[in-house]
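Here is what each chain is made of, one letter per residue.
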Amino acid sequence: MILKSIVPISVLLLLLSSCGGKKTNTVSNNATSLSIENEGKNVYLKYCLACHQTDGSGVPGMYPPLKNSDWLSKDKEILIRQVIEGKRGIIEVNGKEYNQIMPKQDFLTDNQIANVLSYVLKEMGNKTDSITASDVMKVRGINR
């Protein structure tokens, strides 16, 4: 009699624990994704917004747009290097020239640079893959 009641309870506990594990991983992965997206947005709002505007449209004739930017479809290394080293001189974006100084942001961590660039690429209509901290580390290694 005791054996009959223990078996269904054991099966139920096993099923609940295996389902709970999968849900926890999904929540964890979603939370990680959200925290990366939030960090990228926060870095953008703190360091990029003044020139490139909230929506990434830039300032006509002064600061290039990041939203739907043909320039951002270039090699990831060029994008990373631009953030680390800054930019002086003429840059052409979507057929228009801009000639303002972009200050270097080399004080940002590898994760911050990866997250802000991934945020810009994902949230502003660009078609380039995400950038990882490992990608940023490789570029910094080239600079050293």
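From a predicted model like this one, the values you see are computed outputs, not experimental measurements.

Thresholds, definitions, all that
- Residues numbered from 1 in each chain as written.
- Predicted model: local features only at pLDDT ≥ 70, side-chain atom pairs only at ≥ 80, totals over all residues.
- Heavy atoms only, no water.
- Helix = DSSP H or I, 4+ residues; strand = E, 2+ residues; numbered from the N terminus.
- Buried < 20%, exposed > 50% of the residue type's maximum accessible area, 1.4 Å probe, protein only.
- Salt bridge = Lys/Arg side-chain N within 4 Å of Asp/Glu carboxyl O.
- Disulfide = S-S within 2.5 Å.
- Expected span 1.5 Å × (residues − 1).
- Contact = heavy atoms within 4.5 Å.
- Core = buried A, V, L, I, M, F, W, Y, C linked by side-chain atoms within 4.5 Å.
- Polar contact = N/O pair within 3.5 Å; in protein donor to acceptor, adjacent residues only side chain to side chain.

## Brief notes about unusual backbone geometry
Non-glycine residue Gln53 carries a positive phi angle of around 70°. Inspection of the secondary structure puts Gln53 in the loop between helix 2 (49–52) and helix 3 (76–85). You can call Gln53 partly exposed: its relative accessible area is 29%. Phi at Asn94 takes a positive value of approximately 50°, unusual for a residue other than glycine.

## Describing the pattern of salt bridges
In the structure shown here, the tally under the stated rule is 5 salt bridges. We note a salt bridge from Asp135 to Lys76, for which the minimum N-O separation is 3.3 Å. Here Lys76 lies in helix 3 and Asp135 lies in helix 5 (residues 133–143), a separation of 59 residues in the sequence. A relative accessible area of 16% means that Asp135 is categorised as buried. Counted as one network, the salt bridges with shared partners bring together Glu77, Arg81 and Glu85.

## So, the state of the cysteines
Scanning all chains against the criterion turns up 0 disulfides. For the unlinked cysteine Cys51, the closest cysteine sulfur is that of Cys48, found at 8.7 Å. A residue is classified by how much of its surface remains accessible, and Cys51, at 25% relative accessible area, is partly exposed.

## Things to note about helix 4 (residues 110–123)
Along its 14 residues, helix 4 runs 20 Å from first to last C-alpha, staying within 8% of the 20 Å computed at 1.5 Å per residue. Counting buried positions along helix 4 yields 10 of 14 residues, so the element is predominantly enclosed. Taken together, the buried positions of helix 4 are Asp110, Ile113, Ala114, Asn115, Val116, Leu117, Ser118, Tyr119, Val120 and Leu121. Backbone geometry just downstream of helix 4 places Gly125 in the positive-phi region, at approximately 75°.

## What about the side chain of Ser69?
Along the polypeptide, Ser69 turns up in the loop between helix 2 and helix 3. Since its relative accessible area comes to 6%, Ser69 is described here as buried. Not counting residues within four places of it along the chain, the set of residues in contact with Ser69 comprises Val93, Asn94 and Asn126.

## Let's talk about the nonpolar core
In terms of nonpolar packing, the biggest core is built from 25 residues, with Tyr44, Leu117 and Ile131 touching the most fellow members. Looking at this core, the elements that each hand over two or more residues are helix 1 (2–47), helix 3, strand 1 (91–93), helix 4 and helix 5. With 7 residues, the single largest contributor to this core is helix 4. Setting aside anything within four residues of it in sequence, one finds Leu117 in contact with Leu79, Ile80, Val83 and Ile131.

## Concerning the side chain of Asn126
Along the chain, Asn126 falls in the loop between helix 4 and helix 5. The exposure class assigned to Asn126 is buried, which follows from its relative accessible area of 11%. At 2.9 Å, the side chain of Asn126 and the backbone oxygen of Leu66 are in polar contact. Of the polar contacts made by the side chain of Asn126, one reaches the backbone nitrogen of Ser69; its length is 2.9 Å. The contact partners of Asn126, leaving out residues within four places of it in the chain, are Leu66, Lys67, Asn68, Ser69, Leu72, Val120 and Leu121.

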